[in-house]
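Descriptive analysis of the structure
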Amino acid sequence: MDDTKTMQASDHAHYLHPFTDHKALGERGVRVMVRGEGIYLWDSEGKKILDGMSGLWCVNLGYGRHSISKAVFEQMETLPFYNSFFNTTNVPAVKLAEKLARIAPPGFEHVFFTGSGSEANDTNVRMVRRYWDLKGQPQRHTIISRFNAYHGSTMAGASLGGMEGMHAQGGLPIPGIVHIRQPNYLEAGRGMSEDEFGIEAASWLEEKILDVGPEKVAAFIGEPIQGAGGVVIPPSTYWPEIQRICDKYGILIIADEVITGFGRTGQMFASELFGIKPDLITFAKGVTSGYIPLGGVLVGERVAEVLIGQGGEFAHGFTYSGHPVACAAALESIRILEEEKIVQRVREDTGPYLAQRFATLSDHPLVGYANSCGFVAGLNLVRRKGPTIHGHEYFDPKLEVGMVCRGYMFNNGMIMRAVGDRMIIAPPLIMTRGQIDEMVALIRRCLDDTYADLK
Ligand code: PLP
């Protein structure tokens, strides 16, 4: 009954997938995943696949963690749901809020729970506007974000995001959200050192603040490393300069750590790595290792003092804010992260090893630029290499070489995502050195196949 063809037909008949051309998918036939263990997945044809994307940047602890399913099962038996409205709470939500305050950067004592990263960013929009209202500066309404950022798919999330394709559908962005260019050295750093470019890219924020009027700017939001936009790792000078500019004009900083939170960069939160002192931190994905949906906003002192201190209701919330089962999954996921010293391992051992092994791919004739940070990495496919990284010749985008390469990845049992012609990975944080070797060998084989195909 559950054979691949039947599942594909049924899927096409009824299931509209996110970010998918339904018609084209029907013609191609959807891939049906049936099982996962550790860093591997199996599809309905029995094919074993190394999951280089941790599901969707979330299954950081790998598949088949019995203790998480047990925590979920037990919580379901005890209290599957109760809401956090009307002066009530539940035990896992209380414990998780306290735990998050302990593992967050200093100064984050409060959390607002949501069901996803998108809802968390919607919460941010409402929370910063509420903050400035309470401060008696309601004109501080505008939030500055970046083109090519991804902050979710709700109306506010997609507006904060800077994906032109998303804005084109449905009249986005909503009012009060504006964008600046991203700190992409490869794209815009010609003639500058990386450090110089970091300062230059941050200056685009100051320009925009002056353009909007500093008294009207509420907040700046950014992913410490832009994920869905193609793993854009900023120069080390970028975030400290952004911080200086925001401090100068009294603007709040929202660090969207939906991808980078919970250890991906070798720190519990990437803000600590990049020298960002955010006022709000968006999280989701890794908090439960993707086992069950949960997101939220870590609320820093500056905002909490006003929001709580001045009293009055923050008229915002979700049925599933602080869902006991999701919070139980998160508590167990964080317990595993700590017990197995996973963040420390990524920082001190497997992260540097991945960086070293991934960099060896640069010698491939198709690879113009390969870089990484902790357990997130990307490489650019080029037609002909130039003398410097700004001198490469690229493929005609119409050839969709990234998608060709992605096809070979699947065929060879490897999941790597294509953002244009940049191939990216964000593998489970539990990977061993041996598995990193296996992954890099698989990637090289797929690059060879793509290269042969293009000849
Ligand atoms: N923010 C970032 C940085 C993300 O990468 C994502 C999802 O990929 C989101 C927000 C949205 O999270 P969700 O899909 O859980 O709504």
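As the structure is a computational prediction, the values presented were derived from the model and not from experiment.

Here we look at the packing of helix α5 (residues 91-103) against helix α14 (residues 324-339)
- Where α5 contacts α14, the axes come no closer than 8 Å and their chain directions differ by 40°. The pairing of α5 with α14 is recorded here as oblique in orientation. In this structure, α5 meets α14 at a crossing whose hand is left-handed. In this structure, α5 uses P92, A93, K95, L96, K99 and I103 to contact α14, whose residues at the interface are P324, C327, A328, A330, L331 and I334.
- A breakdown of the residues in the contact of α5 with α14 according to their chemical character gives 10 nonpolar, no polar and 2 charged.

A look at the environment of G64
- You can see G64 is positioned in the loop between α3 (54-57) and α4 (66-78).
- With 12 C-beta atoms counted inside 10 Å, the residue G64 sits in the exposed group.
- Between the C-alpha atom of G64 and that of L252, which follows or precedes it by 188 residues, the distance is 40 Å.
- Non-local contacts of G64, meaning those with residues more than four positions away in its chain, are made with G36, E37 and G38.

Notes on the site of the ligand
- The full set close to the ligand counts 15 residues, and S116, G117, S118, G152 and V258 are the nearest of them.
- At 3 residues, the largest contribution of residues to the shell around the ligand is made by helix α6 (residues 117-134).
- Looking at side-chain class alone, the shell around the ligand contains 5 nonpolar, 8 polar and 2 charged residues.

Quick notes on the packing of helix α10 (residues 194-212) against helix α11 (residues 238-249)
- Interhelical geometry of α10 versus α11 gives an angle of 25° and a closest axis separation of 8 Å. When the axes of α10 and α11 are compared, the pair comes out roughly parallel. Here the hand of the crossing between α10 and α11 comes out right-handed. Contacts between α10 and α11 pair G198, I199, A201, A202, L205, E206 and I209 from the former with Y238, E241, I242, I245 and Y249 from the latter.
- Counted by class, the contact of α10 with α11 contains 9 nonpolar, 1 polar and 2 charged residues.

Looking at the pairing of strand β7 (residues 217-222)
- β7 sits mainly inside the fold: 6 of its 6 residues count as buried.
- Two elements, strand β5 (residues 142-146) and β7, share 3 bridges in a ladder whose sense is parallel. Paired with I144 across the bridge in β7 is F220.
- Two strands pair when backbone bridges link them, and β7 and strand β8 (residues 252-256) are joined in this way by 4 bridges, in the parallel orientation. Considered in β8, the bridge of G222 is made with A255.
- Handedness of the crossover joining β7 and β8 through α11 is recorded here as right-handed.

What counts, and where the lines are drawn
Residues numbered from 1 in each chain as written. Predicted model: local features only at pLDDT ≥ 70, side-chain atom pairs only at ≥ 80, totals over all residues. Axes fitted to C-alpha atoms, helices over the stretch in contact; angles between N-to-C directions. Helix = DSSP H or I, 4+ residues; strand = E, 2+ residues; numbered from the N terminus. Parallel < 35°, antiparallel > 145°, perpendicular 65-115°, else oblique. Left-handed = near helix turned anticlockwise from the far one by under 90°. Contact = placed C-beta atoms within 7 Å. Nonpolar A, V, L, I, M, F, W, Y, C, P; charged D, E, K, R; others polar. Buried ≥ 20, exposed ≤ 12 C-beta atoms within 10 Å, placed from the backbone. Near = placed C-beta within 6 Å. Pairing = 2+ DSSP bridges. Right-handed = clockwise from strand over helix to strand, strands pointing away.

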